[in-house]
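# A structural walkthrough
Single-letter residue listing:
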Amino acid sequence: MPTPSILVATWDNGLFSVTGKMVHQELPDQSVRSLVADGRGRVLAIVGGHSLCRRSSDGEWTTIAKSEFELSCCVPIGNVVFVGTDDAHILRVDPDGGQQCLTGFDAVEGRDRWYAGAAIIDGKLMGPPLGIRSMAATCDGAVLLANVHVGGVPRSTDAGLTWRPTIDIDSDVHQVCAHPTRPDIVIAAGAAGLCISRDAGTTWTIEQRGLHAHYCSAVAFGRNDIFVAASTDHFATQGAVYRRPIDSNGPLQPLGGGMPEWINGIADTNCIATRDSMAAVIDRSGCLYVSHDDGAAWSYPFDRLTVASGLHIC
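Here is a short report on the structure shown in this document. (Residues numbered from 1 in each chain as written. Predicted model: local features only at pLDDT ≥ 70, side-chain atom pairs only at ≥ 80, totals over all residues. Heavy atoms only, no water.)

## Things to note about the pattern of salt bridges
- Within the structure shown, the criterion is met by 13 salt bridges.
- In this structure, Asp94 engages Arg92 in a salt bridge whose closest nitrogen and oxygen atoms are separated by 2.8 Å.
- Ionic contacts of the salt-bridge type, sharing partners, join the residues Asp38, Arg42 and Arg54 into one network. (Salt bridge = Lys/Arg side-chain N within 4 Å of Asp/Glu carboxyl O.)

## Let's talk about unusual backbone geometry
- In this model, His149 is joined to Val150 through a cis peptide bond whose omega is 10 degrees.
- The topology assignment puts Val150 in the loop between strand E15 (144–149) and strand E16 (155–156).
- Even without a glycine there, the phi angle at Ile167 is positive, about 60 degrees.
- Not every positive phi belongs to a glycine, and Asp276 is a case in point at roughly 55 degrees.
- With respect to the element layout, Asp276 can be found in the loop between strand E26 (272–275) and strand E27 (278–282).
- Residue classification places Asp276 among the exposed residues on the basis of a relative accessible area of 53%. (Helix = DSSP H or I, 4+ residues; strand = E, 2+ residues; numbered from the N terminus. Buried < 20%, exposed > 50% of the residue type's maximum accessible area, 1.4 Å probe, protein only.)

## Quick look at the nonpolar core
- Core analysis: the biggest nonpolar cluster contains 31 residues, and Ile6, Val8, Ile272, Val281, Leu288, Trp298 and Leu311 have the highest contact counts within it.
- In terms of residues, this core owes the most to one element, E27, which gives 5 residues.
- For Leu288, the contacting residues outside a window of four places in its chain are Ile6, Val18, Ala280, Val281, Ile282, Ser299, Tyr300, Pro301, Phe302 and Leu311.
- Core analysis: the next-biggest nonpolar cluster, separate from the first, contains 19 residues, Val80, Met135, Ala146 and Trp163 among them. (Core = buried A, V, L, I, M, F, W, Y, C linked by side-chain atoms within 4.5 Å. Contact = heavy atoms within 4.5 Å.)

## Examining the side chain of Arg244
- With respect to the secondary-structure elements, Arg244 resides in strand E23 (residues 238–245).
- Judged by its relative accessible area of 2%, Arg244 is buried.
- Polar side-chain contacts of Arg244 include one of 2.9 Å to the backbone oxygen of Ser248.
- Engagement of the side chain of Arg244 in a polar contact is seen with the backbone oxygen of Gly250, the distance being 3.0 Å.
- Apart from residues lying up to four places away in sequence, Arg244 is in contact with Ile196, Arg198, Glu207, Arg209, Asn224, Asp225, Ile226, Asn249, Gly250, Pro251 and Leu252. (Polar contact = N/O pair within 3.5 Å; in protein donor to acceptor, adjacent residues only side chain to side chain.)

## Considering the environment of Met278
- You can see Met278 is positioned in strand E27.
- Between the C-alpha atom of Met278 and that of Thr62, which follows or precedes it by 216 residues, the distance is 27 Å.
- Met278 has contacts with Pro4, Ile6, Ala273, Val290, Ser291, His292 and Ile313, leaving out every residue within four places of it along the chain.

## Considerations on the pairing of E27
- The buried fraction of E27 amounts to 5 of the 5 residues, a majority that puts the element mostly inside the structure.
- Covered by surrounding structure in E27 are Met278, Ala280 and Ile282 together with Ala279 and Val281, the residues of both alternating faces.
- Direction of pairing for E26 relative to E27: antiparallel, over a ladder of 4 bridges. From the neighbouring strand, Ala273 faces E27, where its bridge partner is Ala280.
- What sits between the antiparallel neighbours E26 and E27 is a turn of 2 residues, in which Asp276 has the positive phi angle 55 degrees.
- Here E27 runs beside strand E28 (residues 288–291); their pairing, made up of 4 bridges, is antiparallel. (Pairing = 2+ DSSP bridges.)

## Structural notes on the sheet that holds strand E7 (residues 61–66)
- Spatially, the 4 strands line up as an open sheet ordered E4-E5-E6-E7, and their pairing is antiparallel. Since the sheet does not close on itself, it has two edges, and those belong to strand E4 (32–37) and E7, each with one partner. Neighbour to neighbour, the strand axes of the sheet diverge by 25 degrees on average, direction disregarded. (Axes fitted to C-alpha atoms, helices over the stretch in contact; angles between N-to-C directions.)

## Quick word on the pairing of strand E6 (residues 51–55)
- Within E6, 4 of the 5 residues are buried, leaving the element largely enclosed by the surrounding structure.
- Across 5 bridges, E6 lies against E7 in antiparallel orientation. Across the sheet, the residue bridging to Cys53 is Thr63, located in E7.
- Between E6 and E7, which pair antiparallel and follow one another directly, the connecting turn spans 5 residues, one of which, Gly59, has a positive phi of 85 degrees.

## Regarding the environment of Ser217
- Here Ser217 is to be found in strand E21 (residues 215–221).
- The class of Ser217 is buried, set by a relative accessible area of 1%.
- Beyond its immediate sequence surroundings of up to four residues, Ser217 is in contact with His174, Gln175, Ala189, Ala229, Ile266, Ala267, Asp268 and Thr269.

## Topic: the sheet that holds E26
- Spatially, 4 strands are ordered E26-E27-E28-E29 in an open sheet, and the strand pairing comes out antiparallel. At either end of the open sheet lies a strand with only one pairing partner, and these are E26 and strand E29 (299–302). Pairs of neighbouring strands in the sheet enclose a mean axial angle of 25 degrees, with direction left out of account.

## A short note on the packing of aromatic side chains
- Within this structure, the stated rule accounts for 3 aromatic pairs.
- One aromatic cluster is present, formed by Phe105, Trp114 and Trp163 through successive ring pairs. (Phe/Tyr/Trp six-rings, centres within 6.5 Å; stacked < 30°, edge-to-face > 60°.)

Next comes the structure, spelled out in structure tokens:
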């Protein structure tokens, strides 16, 4: 059986493919964001800020569509790809590359109360623009979810034509993630804690028990567990990663199993990845942690690999 590869996307230095102890760089000096499987053994990504691209299993890249918008994330449903932008719009990209801006999203209730996340660091105002930080679709393709930063998680059940707001805006969500086989279960990482929905994103509960701090920045589903990264704030110098069985109501637990109590800075949006029994986490310093047994034991084969914008296991 081939050794799985971990794809590490970066903000300005392309993509690194990590297979065992081997590292191969692709698309040097370019930004790569939002790695997501297309359902056909390939990976979609935003490259250079304005291109939706596809990576084949042998590392060949093709451009699907280019846009004047600054693109931030994407999610496929069948042959269509929905793409979020840094100014809080969503595009529908058809198989032939044709694009349509979803005007229904622009009209979602409460949009006038969305705001850009920001903080004062060393006397300077810092933070990302108001935009779509992540997107997810339930495994049956029936529900599309867009994580607005900061604007909650608008939800569509008609392929993006109309949208309804969900979760309080000030939950300050940083990533939304749908379960790969159970369409009713969705999770999100918010500044208020781990957000869980058991009705496909219609309603949410927020879990904080077991966390050392409530600011959650990344989430992922393992085969049996939820993984979530937490810290005191976005610019924290250390963070931690926790787990809990998907169907449990108990407190979250630190990973253990060789994962240090504290990672360097946060694990940011999309910086936890899983596939089958494998899991990977990368922190702000570029330290990559890998598990091959559903997160029971961890190793860190690469230290300070790069400043990552996301992970994907293929």
